[in-house]
Amino acid sequence: MTPLLALLKRRIAAEGPITVARYMAEALGHPKHGYYMTRDPLGQAGDFTTAPEISQMFGELLGLWCADVWLRLGRPNPVLWLELGPGRGTLMQDAWRATKAVPGFHQAVRLYLLETSPVLRQRQATMLEDAGPCWIERLADLPDGPLLAIANEFFDALPIRQFQMTETGWRERLIAWDETNDALSFALAPNEDPAVHLIPSSVRQAPPGAIAEFCPTGISIVSDLGHRIGSAGGGAAIIDYGPLTSAAGDSLQAVHGHEFADPLDRPGENDLTAHVDFQTLARAATEAGAVVERLETQGDFLTNLGIAQRATALRANASASQCAAIDAALRRLTGTASDAMGGLFKVLSLVSPGLAPDTAAP
Ligand SMILES: C[S@@+](CC[C@H](N)C(=O)[O-])C[C@H]1O[C@@H](n2cnc3c(N)ncnc32)[C@H](O)[C@@H]1O
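Read on for a plain summary of the structure. Quick caveat: nothing in here was measured; it's all calculated off a predicted structure.

Let's talk about the sheet that holds strand S15 (residues 345–351)
The strand order S4-S3-S2-S5-S10-S15-S14 describes an open sheet built from 7 strands, whose pairing is mixed. Only two strands of the sheet have a single partner each, and these edge strands are strand S4 (134–136) and strand S14 (291–297). Between one strand and the next, the sheet's axes are offset by a mean angle of 15°, whatever the strand orientation. Both strand S2 (residues 79–84) and strand S5 (residues 147–152) contribute to a ladder of 5 bridges, which runs parallel. Within S5, the residue paired with Trp81 across the bridge is Leu148.

Quick notes on the site of the ligand
With respect to spatial proximity, 20 residues lie near the ligand, and among them Thr50, Gly85, Gly87, Ser117 and Asn152 are the closest. Among the secondary structure elements, those contributing two or more residues to the shell around the ligand are helix H2 (20–29) and helix H4 (51–54). In the shell around the ligand, the residues fall into 10 nonpolar, 7 polar and 3 charged.

Quick word on the packing of helix H5 (residues 56–72) against helix H6 (residues 90–98)
Running from N to C, H5 and H6 point in directions that differ by 55°, and their axes come no closer than 7 Å. Looking at the two axes, H5 sits oblique to H6. Judged by the sense of rotation from one axis to the other, the crossing of H5 with H6 is right-handed. Each of Gln56, Phe58, Gly59, Glu60, Leu62, Gly63, Leu64 and Cys66 in H5 lies in contact with H6, whose residues at this interface are Thr90, Leu91, Met92, Gln93, Asp94, Ala95, Trp96 and Ala98.

Side note on unusual backbone geometry
For the bond from Asn77 to Pro78, the omega torsion is 5°, close enough to zero to count as cis. Along the chain, Pro78 turns up in the loop between H5 and S2. Unusually for a residue other than glycine, Glu153 sits at a positive phi of about 50°. The topology assignment puts Glu153 in the loop between S5 and strand S6 (161–166). Phi angles above zero are rare outside glycine, and Asp182 is one such case at about 50°. Within the secondary structure layout, Asp182 lies in the loop between strand S7 (169–178) and strand S8 (183–188). Taking the number of C-beta atoms within 10 Å as the measure of exposure, Asp182 has 9 and is therefore exposed.

As for the environment of Pro216
One can find Pro216 in helix H9 (residues 216–232). On the basis of neighbour counts, which here come to 14 C-beta atoms within 10 Å, the residue Pro216 falls in the partly exposed class. In the structure, Pro216 is positioned 195 residues away from Ala21 in sequence and 9.0 Å away in space, judged by C-alpha atoms.

Comments concerning the sheet that holds strand S13 (residues 271–273)
The 3 strands are arranged S12-S11-S13 in an open sheet whose pairing can be described as antiparallel. Two strands close off the open sheet at either side, each with one partner strand: strand S12 (259–261) and S13. Sheet twist, expressed as the mean angle between neighbouring strand axes with direction ignored, is 40°. Looking at chain direction, strand S11 (residues 253–256) and S13 are connected through 3 bridges and run antiparallel. Within the sheet, the bridge partner assigned to Gln253 lies in S13 and is Thr273.

Brief notes about the packing of helix H12 (residues 307–316) against helix H13 (residues 320–334)
For the pair H12 and H13, interaxial distance at closest approach is 10 Å and the crossing angle is 170°. It follows that H12 is roughly antiparallel to H13 by the angle criterion. Residues Ile307, Ala311, Leu314 and Arg315 of H12 touch H13, and the partners they reach there are Cys323, Ile326, Leu330, Leu333 and Thr334. Its residues placed into classes, the contact of H12 with H13 shows 7 nonpolar, 1 polar and 1 charged.

Conventions and cut-offs
The residue count restarts for each chain, going from 1 along the sequence in the order it is written. This being a predicted model, a pLDDT of at least 70 is required before a residue's local features are given, and a value of 80 or more before pairs of side-chain atoms are given or counted; all residues contribute to the totals for chains, interfaces and linings. At least two DSSP bridges between two strands are needed for those strands to be called paired. Note on conventions: DSSP H or I runs of at least 4 residues are helices, E runs of at least 2 residues are strands, and numbering of each starts at the N terminus. To define axes, lines are fitted to C-alpha atoms, for helices over the stretch in contact only, and angles between the resulting N-to-C directions are given on a 0 to 180 degree scale. What makes a residue near a molecule or strand is its C-beta atom, placed from the backbone, lying within 6 Å of it. Residues are grouped as follows: nonpolar covers Ala, Val, Leu, Ile, Met, Phe, Trp, Tyr, Cys and Pro; charged covers Asp, Glu, Lys and Arg; every other residue, Gly included, is treated as polar. Should an angle lie under 35 degrees it is considered roughly parallel, over 145 roughly antiparallel, and from 65 to 115 roughly perpendicular; all remaining angles are considered oblique. Two helices cross in a left-handed way if the nearer one is turned anticlockwise from the farther one by less than a right angle. They cross in a right-handed way if the turn is clockwise. A pair of residues counts as a contact when their C-beta atoms, built from backbone coordinates, are separated by no more than 7 Å. Partly exposed residues are those whose C-beta has more than 12 but fewer than 20 other C-beta atoms within 10 Å; 20 or more makes a residue buried and 12 or fewer makes it exposed, with C-beta atoms placed from the backbone.

Listed below in C-alpha cells is the structure:
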C-alpha cells in the first residue's frame, strides 16, 4: 500500500467518500506524497513523453507565435510571458532561443513559471538560467499587464469532478473504501449536488449510465487568463488532448512507465489525467473577455506555423540519422496515426479583441 493510499483510507474512514477532484488533487499534488512533488516523470525513463521532449520544433514555433502576438500588440514593454506547468523547461528553453532574434522582445519579457513541483522547478532553473524566471504557485500571484501564456499538457493534470446519470438524475461520482477487496472503489453520492448545473448543457441530456466531467480549476484559470488578455492585451496557447466539442464519457486515466494503469491503484505513483473540454474552456475565456483566434488540431496549428519549413531548415545541416529523427518527430507531432499527436491533441489560441479575425463565439 502506498503511503498516500494508507492516508486516503484513514481519511475516508473518518470523513466518508471523497470526490474524484479531491482524489486527483491529493494523488498529484499532496505536499509529501503527491506524484508531481516527488519526481521528474518525463522522458523514456519516466512515465510519459510530451511534445517539447520529442522535438525542439514544438517550443520554437510556440515561442514565435508568442513573439508574433507581442508584435501585433505593438511591442508592449514590459510584457509578462507565462508558462503554466513547464515540466523540465524544455519548451521554454526552445521558445527563448527561437525568439532571441526578435528585436526588443527579450528586453521586454518578464518570464513567469506556474509550477508546484519542487523537483521540476530545479530542472527549470537550470534550463532557463539565462531567462531569469520567477516562479508562482497561483495565477493571482502574477502582476497585471499584457500577457503571453503557454500551457502544454497542464490542463489535463487539473482535478475534475465526475457525475453519473442515474434513473433519478445526475449523481456525483465519489471514491470510497471497499472493505472486501481492501482497495479504493467508485461510489455515487446519494443526492443531487447543485454543481450538476455546471455540466455542459449539451451533455446534460445523456442517458442513464453516462459519465459527465468538468474541471472547476481549469475553468477558473482560463477565465483569469481570458480576463487578463481581454483587459490588458495578450494571447494564450493551450495545448492538450481532448475533444473539440464537449462530450459525455469517463476520461480519467492513469499512466505508469508509458503503460495505462488503474486510476485507483497506487495513488501518488501514477500520472493521473483527464481529457480537456476545449469547448468549455473556449466559452469561459470568451465570456471573460478574450477572443478565440483558433481552435484546431495540433497538426493544423503546427502546420500553419510552418513546422514543415522548420524541419527542412533543420535537415539542411543534419546527418542522415538526425534527418530520420527530424522526420519521425514531424510525423509524431503532426500526424494522425494512432501513435501520433497531431489529431488527438488540440490547440486553443486566445488573443485580445482586435487581434483576431472575426470569430463566432463557441
Ligand atoms: C504533464 S507535465 C507537462 C510538462 C510540460 N508542459 C511539457 O510539455 O513537457 C505537467 C506539468 O504541470 C505541472 N503541474 C501539474 N499540476 C499543477 C498545478 N496544479 N499547478 C502548477 N503546476 C502543475 C507539473 O509539475 C508539470 O510541470
